[in-house]
Each structure stands twice: as C-alpha cells, then as structure tokens.
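# Close look at the chain arrangement
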Amino acid sequence: QIQQEAAVQNARMLVEKLNEHCFERCVPKPGSSLSKGEETCFTACMEKYMTAWNVVSRQYVSRIQKEAQSGQPNAMF
Amino acid sequence: QIQQEAAVQNARMLVEKLNEHCFERCVPKPGSSLSKGEETCFTACMEKYMTAWNVVSRQYVSRIQKEAQSGQPNAMF
Amino acid sequence: QIQQEAAVQNARMLVEKLNEHCFERCVPKPGSSLSKGEETCFTACMEKYMTAWNVVSRQYVSRIQKEAQSGQPNAMF
Amino acid sequence: AELQQFVVNESQKSRIQQSIHSLTDICFRKCITSKISSGKLDRYEEPCMQNCVDRFMDANYVVLKELEKMRS
Amino acid sequence: AELQQFVVNESQKSRIQQSIHSLTDICFRKCITSKISSGKLDRYEEPCMQNCVDRFMDANYVVLKELEKMRS
Amino acid sequence: AELQQFVVNESQKSRIQQSIHSLTDICFRKCITSKISSGKLDRYEEPCMQNCVDRFMDANYVVLKELEKMRS
C-alpha cells in the first residue's frame, strides 16, 4: 500500500509540474475561455513534457547505475 | 488541535509567499534601510496579494463544487 | 540521531540549491561534456554560494537574537 | 472509521489549501505585472485572476482527458 | 516535558535553517548578477547580501505590523 | 531488519523520483525554449535533455570532489 501511495504521489507530481510549465508557456494571458490555439499548445506541451520526463528518467537511472558499478562516490543529489 | 495547526501552517504559507513576491517586486536593490517608497510599495503589494489570494480561494472552491455536482472527473491538482 | 539526520538534511539542501543556481548560471547550453570554462565557473560559483550562505546565516541569526532581546514580536518567517 | 474519515478530510483540505497557494503564486505572477501603486486589484487585474484560475482548471481537465485516452 | 522541549527546539532550529536557505536563494539571485569570475564575494556583493537579509526582515516586520492592525 | 531495509529502499526510490522531477523541471526550462508546435522532442531538444542530465551530474560530481578536498 505504501508503494501504491508512492506511485500516486509520483504521478501527481508529474501532472503538477507539467501543468505549471505548460500553463506558463501556452496561456500567457488567460481569457474568458481556453482558445483553440491554447488548447493545441497545451496538448503538445503535455506530450513533450512527459517525453522529456521519460528521457530524463532513462538517462538518470543509467547514469547512477554506471556510477554504482564503477564505485564512484555516491551523488547526494 | 490538528485543525489549529493546519490554520497556522496556512497563514504561515501565505505570509511566506507574499514576502517573496513583494520583496522581489518592491526592493530591487536592498540598501542600508527600507526607503519610504519601498515600504509604501510593500504595504500595497501585501494588500494586493491577500486580495488576490481571496479571489483565487473563492473562484477555486466554487469551481470544484460545480465540478463535484456535475460529476466531472476529479481534478488531481 | 535526530540531530545528525537534521545536519545531513541541511547539507543536502545547501548542495541542492547550490547546484540549481550554479548549473543555471554556468551551463547555459549543456554540451557533450563539461567545458573547462564551465567547470571553472562552477567551482567559483560553488564557493560564492557557500560564502553567501555563511553571510546570510550570521546576519540572520544576529538579527533574530537582537529582536529576541528587544522583545519585538517574533518574525513568522 | 471516524478517525480515518477525519484524516482523509484534513488531508483533502490541506491539498486544497496547497492548490490555492500555488494558484495565487502562478496567477499573481501572470496578472500583476505593472508597477504596484495601490493595494486594490484594478479592473484588469481582478478578472485576470479569476480567468487565470478557471483556465488553469480547464487546462488541468485537458490533461486528465488525455491521460484517460492513453490508458484506454 | 523534556522530550516535548526537545521537539520544539528541533523544529524551531529546522525552521531557522529553512529560512536561511530561502534567504540565501532570494538574495543570491538579487545580489550576484554579474558574470561569476571569482569564488569570493566582491565589495558590492557582500554588503548587498547583508542588506538583503536585513531589508527582508524589515519587510517581514511591516507585514506583521499590518496583520496586527487588521486584527484589532 | 526487513522492515528497515524496506524503509531505506522506499526512501531511496523516493529520492530518485524527486531528482527526476527536479531535473526534468530544470532541463525542460533550459532545452525547450522555442515555440511549442509539436508533442515530439525535436532533433535539438532530445540530445539537449540528455546532455543536460549528464552535465548536471558532472557538475554535482565537481561539488562532491570540492567538498571532500575541504574536509581533508
């Protein structure tokens, strides 16, 4: 149950960050409704952010594995 | 007691954010004392931020109530 | 043990913030390796950030001590 | 069960408070851009803050719809 | 009672640490604006960092005074 | 001991998750700077994201080396 809790927490964090970035980028001046252009931008931005998150995950995990194998001092961050 | 704790936490968060925004805006170059103009700006900014917080609270709560009634999927954020 | 935990937490926070600021400043466009110039900038920035942290600590602690003595209302932040 | 309900309610309330702080932060940055000379929100700033909350929720809704599409 | 005092002290210390991190973040951004070429704080940067802490505390004090006025 | 191991593993995993979120945040800001017109990462953005992660880790390593030097 703790693990499920952690997965939900993780997904929530991703959506939160994604919203912040994409709202910032795609809705510079919030009007009385979301324009078609803003929505298109938002959907693209969302996909881009999730892809970016995947790229970072892969790169980061493979890097810390490589470091663990070569016995380098563990990164604090 | 938990509820009181939460209220204090909430007020502290508001003051913290307000300070960050208004210091950023009103004191671009910190000198050897707070100038009259900086203080005036800060007081106005503080009032504006608290009003903005109230507007957001009202708008946000009425929106999630509307969504709850219409049975829309719950927002994660 | 709690105190040691707190000290580690504190050091980790410092390194995290320092990394964020200095990476932001010294590596504007990440290339296929860290250039000599980027590394020099990073080392200087790191030292600067830690010195700044020390200056802030001293100034902040002496200020809250002064306020405690003069019986001013306690700062929330 | 009552205690559990209490914990659920409190953590939901705390999540709502958190969202309000975060939205105020985001929308203040977006809507209050000119020199601060009065403590009131002016006739441009107030509707901007309201629209900002609503558009943020709309955008959030777009994300949820897309996530659902992906899952199915 | 001793344990309680310990918890209070520790959480106070942790709040102070938190403030120091946050102030360093804010003031570094405000005061260290030119190209970084040395690890020392230069003759403009050091007093700027000190003033930044003090002015932030002054501003915080303004907020507390105003909040008190409102309550009464 | 098993429970302890579980807690250690979980908190390590959570720290890794945290780092991934933080790196995505930092590198998205650095690498995705032009107008967003497609959901794919373009041929400049993808290597930029990868390099950004690696350079951040390199920089982190510089910090650790320096901290060690200071201690000794």
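This one's a predicted model, so the numbers in the text were calculated from it and none came from an experiment.

## As for the overall build of chain D
- Counting its regular elements, chain D contains two helices and zero strands.
- In summary, chain D has a C-alpha radius of gyration of 17 Å against a globular reference of 11 Å for 72 residues, an excess of more than 25%.
- Overall, the C-alpha framework of chain D stretches about 50 × 35 × 15 Å when taken along its three principal axes.
- A buried classification covers 49% of the 72 residues belonging to chain D.
- Summed over its atoms, the accessible surface of chain D is roughly 4200 Å², and 52% of this surface lies on carbon and sulfur atoms.

## Some remarks on the interface of chain A and chain F
- Counting residues at the interface gives 31 residues for chain A, matched by 36 residues for chain F.
- Both sides together, the interface formed by chain A and chain F hides about 3500 Å², and carbon and sulfur atoms give 64% of it.
- Here chain A and chain F share five salt bridges between them.
- Of the charged contacts, one joins F:Glu45 and A:Lys48 as a salt bridge, the two residues approaching to 2.6 Å between their closest N and O atoms.
- Among the residues forming the side of chain A that touches chain F, the class breakdown is 17 nonpolar, eight polar and six charged.

## So, the packing of helix H1 (residues 2-26) of chain B against helix H1 (residues 2-31) of chain D
- Two numbers describe how H1(B) lies on H1(D): the axes approach to 11 Å, and their chain directions differ by 10 degrees. Judged by the angle between their axes, H1(B) and H1(D) are roughly parallel. Where H1(B) approaches H1(D), its residues B:Ile2, B:Gln3, B:Asn10, B:Met13, B:Leu14, B:Lys17, B:His21 and B:Arg25 are matched on the opposing element by D:Phe6, D:Glu10, D:Lys13, D:Gln17, D:Gln18, D:His21, D:Asp25, D:Phe28 and D:Arg29.
- Across the contact of H1(B) with H1(D), the residue classes tally to five nonpolar, six polar and six charged.

## Let's talk about the pattern of salt bridges
- Tallied over the full model, the rule gives 30 salt bridges over all chains.
- One salt bridge in this structure joins C:Lys17 and E:Asp25, with 3.6 Å as the shortest N-O distance. In this pair, C:Lys17 sits in helix H1 (residues 2-26) while E:Asp25 sits in helix H1 (residues 2-31), so the two residues belong to two different chains. Residue C:Lys17 shares its accessibility class with E:Asp25, and that shared class is buried.
- The partner of F:Asp58 in a salt bridge is F:Arg55, with the nearest N and O atoms 2.4 Å apart. With a gap of three residues between them, F:Asp58 and F:Arg55 both fall in helix H2 (residues 45-71), about one helical turn apart.

Conventions adopted
Residues numbered from 1 in each chain as written. Chains lettered and ligands numbered in written order. Predicted model: local features only at pLDDT ≥ 70, side-chain atom pairs only at ≥ 80, totals over all residues. Heavy atoms only, no water. Helix = DSSP H or I, 4+ residues; strand = E, 2+ residues; numbered from the N terminus. Rg over C-alpha atoms; globule rule 2.2 N^0.38 Å. Buried < 20%, exposed > 50% of the residue type's maximum accessible area, 1.4 Å probe, protein only. Areas by Shrake-Rupley, 256 points an atom, 1.4 Å probe, with all protein chains shown as cover. Contact = heavy atoms within 4.5 Å. Buried area = accessible area lost by both parts, 1.4 Å probe. Salt bridge = Lys/Arg side-chain N within 4 Å of Asp/Glu carboxyl O. Nonpolar A, V, L, I, M, F, W, Y, C, P; charged D, E, K, R; others polar. Axes fitted to C-alpha atoms, helices over the stretch in contact; angles between N-to-C directions. Parallel < 35°, antiparallel > 145°, perpendicular 65-115°, else oblique.

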